[in-house]
Every structure is written in C-alpha cells, then in structure tokens.
Amino acid sequence: MSDIALLIPQARTARPRSAAAVLRIIQTICIFIIALVIVSPLLLLVVASLKDDRFQILADMGSFRAFWVSNPTLSNYAEVGHLSGELAFGRYLINSLIILVTTVCSGLIVNSMAAFVLAWGSFKGRAVILSIVIALYVIPQESIIMPLVIMVSRAGMSDTFAVQIVPWVASPLYIFLFYQFFAQLPKELLEAAEVDGASFFRVYRSIFLPLSLPALATVSILMGIETWNQYLWPILVTQTDYARPIAVAIATFFGQDSIYWDRAMAASVLMMIPILGLYLAFQRWFVSSFIGSAVKG
C-alpha cells in the first residue's frame with residue numbers, strides 16, 4: 001500500500017509536465033511557422049536576384065521554385081552596381097547613404113536639443129509649445145507636400161541633397177520621444193550640475209545625452225527607416241541622377257513595356273542591406289528602450 005501511495009503523486013506530477021512539454025512544442029512550431037512566413041519574402045527576393053532570366057523569375061512565382069536557384073549568378077549585381085551610366089545604382093545607393101547619414105545625425109541633434117529645452121527649460125509656455133508639437137504629429141506629410149515643393153523650388157533647392165534632408169530633420173514624433181525620455185530622468189541631475197557651475201548646454205551634452213542611448217537608438221532606427229523609404233518627396237524634387245535616391249531609381253525598372261525583375265530584385269537587395277545594418281547596430285538599445293517603456297507604462 002505504501003508503494004502505491006507513493007506512485008500516485010508521481011503520476012499526477014508527470015501529467016502536467018508532459019502537458020507543458022507538448023505545449024512548448026506547439027508554441028515552438030507556431031513561432032517557426034510565423035517566422036517562416038515573415039522571412040519568406042526576403043528569401044524569395046535574394047533567390048530571385050541570383051537568377052539571370054527575368055522571364056523565369058516571373059514564371060516561378062506562385063510555386064516553390066521561386067525559392068530555389070539552380071545556377072546562381074551575380075551578374076544582376078554587376079549590372080546595377082555601376083557608379084555611372086544607365087544602371088548607375090551604385091551612385092543611387094551612395095546618394096541614399098549620404099541622405100540617410102546626414103538626416104539621422106542632424107535629426108538626433110536637433111530633436112534631442114528641442115526636447116531637452118521643452119523638458120527642463122525655464123521659459124514660460126513650454127506646455128503650450130509641447131501641445132503644438134504633439135498636434136503637428138497628427139498632420140499627414142502628404143497634406144503639406146505641395147506647399148513644401150513650392151517653397152523649396154522658390155528657394156532654389158530643387159534637385160539637391162539639401163532638399164531631401166532639411167525639411168525632415170525636425171520631427172514632432174522624435175521630439176516627443178526624446179521629451180518623454182528626458183522628463184523621466186531625475187531632476188537632481190540637473191540641479192547638481194548647475195550647482196557645480198555647468199551651463200544648460202553642458203548639462204545636455206555631458207549628462208543627459210550620454211544617458212539617452214536607448215532613445216538615440218530608437219530614433220536612429222525609426223528616422224533611418226523613414227528616410228530610407230522616402231519615395232513621394234524625392235520623386236517630386238529631383239529631376240536628374242545627381243541626388244536621386246535608390247528608392248526612386250528602382251521604379252525605373254517597372255516600365256510600361258517591360259519589367260526587369262532580375263535587376264529590380266538585385267537593386268532591392270542592395271537597398272535592404274544598409275538599413276538592415278543600421279538596425280543590427282542599434283538593436284540592443286532599441287529593444288531595451290521598448291522594454292523599458294513597457295515596464296514603466
């Protein structure tokens with residue numbers, strides 16, 4: 001009897017453990033399927049860029065042959081990687097990198113400085129200005145595109161790098177993101193620095209800015225993605241290849257007579273690599289920023 005009494009609790013504990021193991025297996029399979037669905041378009045893009053027949057790429061769509069290439073080649077990348085000529089996508093990629101780096105670096109400085117002043121400045125009307133900044137965020141960019149086009153045209157900025165950078169450096173969204181982060185830091189940091197004789201700008205540069213790495217990473221990634229994917233604005237303000245970004249240049253493959261799928265796929269992969277590298281570089285701070293916001297919320 002004593003042996004049977006000892007076996008009954010063990011059997012009861014074994015059942016929940018086996019059920020938990022089955023549940024973990026089901027969760028793992030579901031996560032794998034979801035990840036496969038998310039990654040499959042990227043895999044198809046890379047595989048298609050290694051095929052040298054654009055008609056074969058179109059014929060393989062809709063079947064599992066789209067995810068396999070029997071004779072991979074880098075000829076498409078060689079054709080679109082030139083710095084001059086008809087397929088100067090290397091030049092377009094460099095243009096996009098210049099616009100990306102300049103916009104993100106300038107945006108981090110301008111938006112963080114504006115947010116720091118709104119969070120810890122001593123002037124009156126900060127709450128009103130912050131309300132206006134938040135209200136500006138709900139205005140869609142498309143509604144102010146045409147007035148901006150007229151303004152930059154009269155200023156002589158058309159078809160330049162500046163016209164694709166200056167209008168988008170300051171953003172209500174990123175000012176508000178920085179403001180939220182700065183406002184959560186203890187006020188004692190500012191008071192202690194002022195007692196030591198530090199200026200307001202010195203406090204921002206030496207104390208608050210180094211502490212805001214998660215916010216800097218978050219804004220860098222969001223602003224980088226937004227800048228890199230700009231299409232409507234560059235197509236309105238660029239007329240030549242001098243400052244045209246790669247997002248606009250890829251559209252030239254999709255003509256009315258024919259679509260060059262092979263070259264478009266290769267150019268799309270080249271366009272994807274820099275922004276993916278930006279995310280991987282700031283991934284750790286980007287994730288920690290969202291986790292911290294969720295915990296505090």
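Computed from a predicted structure; not experimentally measured.

Caption draft 1: Molecular detail of the packing of helix 4 (residues 89–120) against helix 10 (residues 213–228). Helix 10 packs onto helix 4 with a crossing angle of 140° between their chain directions and a minimal axis gap of 9 Å. By the angle between their directions, the pair helix 4 and helix 10 is classed as oblique. For the pair helix 4 and helix 10, the sense of crossing is right-handed. Taken together, the residues of helix 10 that come into contact with helix 4 (itself represented by L93, S96, L97, I99, L100, T103, V104, G107, L108 and N111) are L216, V219, S220, M223, G224, T227 and W228.

Caption draft 2: Molecular detail of the nonpolar core. Judged by nonpolar contacts, the single largest core of 51 residues is most densely connected at F89, F178, F182, F208 and I246. By residue number, the principal contributor to this core is helix 4, which donates eleven residues. When residues no more than four places from it in sequence are discounted, the contact partners of F182 are S112, A115, F116, A119, W120, F208 and S212. L148, W168, W233 and V237 belong to the second largest nonpolar core, which has eight residues in total.

Caption draft 3: Spatial organisation of the UniProt feature "transmembrane region" (unreviewed entry) in the chain. UniProt's entry tags residues 21–48, 92–120, 127–149, 161–182, 203–225 and 264–282 with the feature "transmembrane region" (unreviewed entry), counted in the numbering of this structure. Between the C-alpha atoms that bound residues 127–149 there is a distance of 31 Å. The span itself is 70% helix and 0% strand.

Caption draft 4: Layout of the pattern of salt bridges. Per the stated rule, a full pass over the model turns up one salt bridge. With a shortest N-O distance of 3.7 Å, R244 and D241 are connected by a salt bridge. By relative accessible area, which is 37% here, D241 ends up partly exposed.

Caption draft 5: Up close: the environment of G224. Within the secondary structure, G224 is located in helix 10. With relative accessibility at 0%, the residue G224 sits in the buried group. G224 sits 120 residues away from V104 along the chain, and the two C-alpha atoms are 6.2 Å apart. Not counting the four nearest positions on each side in its chain, G224 is found in contact with L100, V104, V219, I275 and L278.

Caption draft 6: Spatial organisation of helix 9 (residues 200–211). Given a rise of 1.5 Å per residue, twelve residues ought to cover 16 Å, and the 16 Å separating the end C-alpha atoms of helix 9 matches this to within 8%. Listed as buried for helix 9 are V203, Y204 and F208. Buried residues of helix 9, seen end-on, are gathered within an arc of 95° and therefore sit on one face of the element. Of the surrounding secondary structure, the elements contacted by the buried residues of helix 9 are helix 4, helix 7 (172–184) and helix 8 (187–195).

Caption draft 7: Representation of a nonpolar patch on the surface in the model. A surface patch of nonpolar side chains, about 670 Å² in accessible area, is lined by V128, I132, L136, Y137, V138, I139 and I144. Mapping I132 onto the fold places it in helix 5 (residues 126–137).

Caption draft 8: Expanded view of the packing of helix 4 against helix 5. Where helix 4 contacts helix 5, the two axes come as close as 9 Å, and the packing angle between them is 140°. Considering the angle they form, helix 4 stands oblique to helix 5. Helix-helix and strand crossings are classified by hand; for helix 4 and helix 5 the assignment is left-handed. Where helix 4 abuts helix 5, its residues V117, L118, A119 and W120 lie against R126, I129, L130 and V133. Grouping the amino acids of the contact of helix 4 with helix 5 by side-chain chemistry returns seven nonpolar, no polar and one charged.

Cut-off values and rules
- Residues numbered from 1 in each chain as written.
- Predicted model: local features only at pLDDT ≥ 70, side-chain atom pairs only at ≥ 80, totals over all residues.
- Heavy atoms only, no water.
- Axes fitted to C-alpha atoms, helices over the stretch in contact; angles between N-to-C directions.
- Helix = DSSP H or I, 4+ residues; strand = E, 2+ residues; numbered from the N terminus.
- Parallel < 35°, antiparallel > 145°, perpendicular 65-115°, else oblique.
- Left-handed = near helix turned anticlockwise from the far one by under 90°.
- Contact = heavy atoms within 4.5 Å.
- Core = buried A, V, L, I, M, F, W, Y, C linked by side-chain atoms within 4.5 Å.
- Buried < 20%, exposed > 50% of the residue type's maximum accessible area, 1.4 Å probe, protein only.
- UniProt positions renumbered as here; feature names shortened; annotations may be inferred.
- Salt bridge = Lys/Arg side-chain N within 4 Å of Asp/Glu carboxyl O.
- Expected span 1.5 Å × (residues − 1).
- Arc of directions from axis to C-beta.
- Patch = residues over 30% accessible without salt bridge, like charges linked within 9 Å, V, L, I, M, F, W, Y side chains within 5 Å.
- Areas by Shrake-Rupley, 256 points an atom, 1.4 Å probe, with all protein chains shown as cover.
- Nonpolar A, V, L, I, M, F, W, Y, C, P; charged D, E, K, R; others polar.

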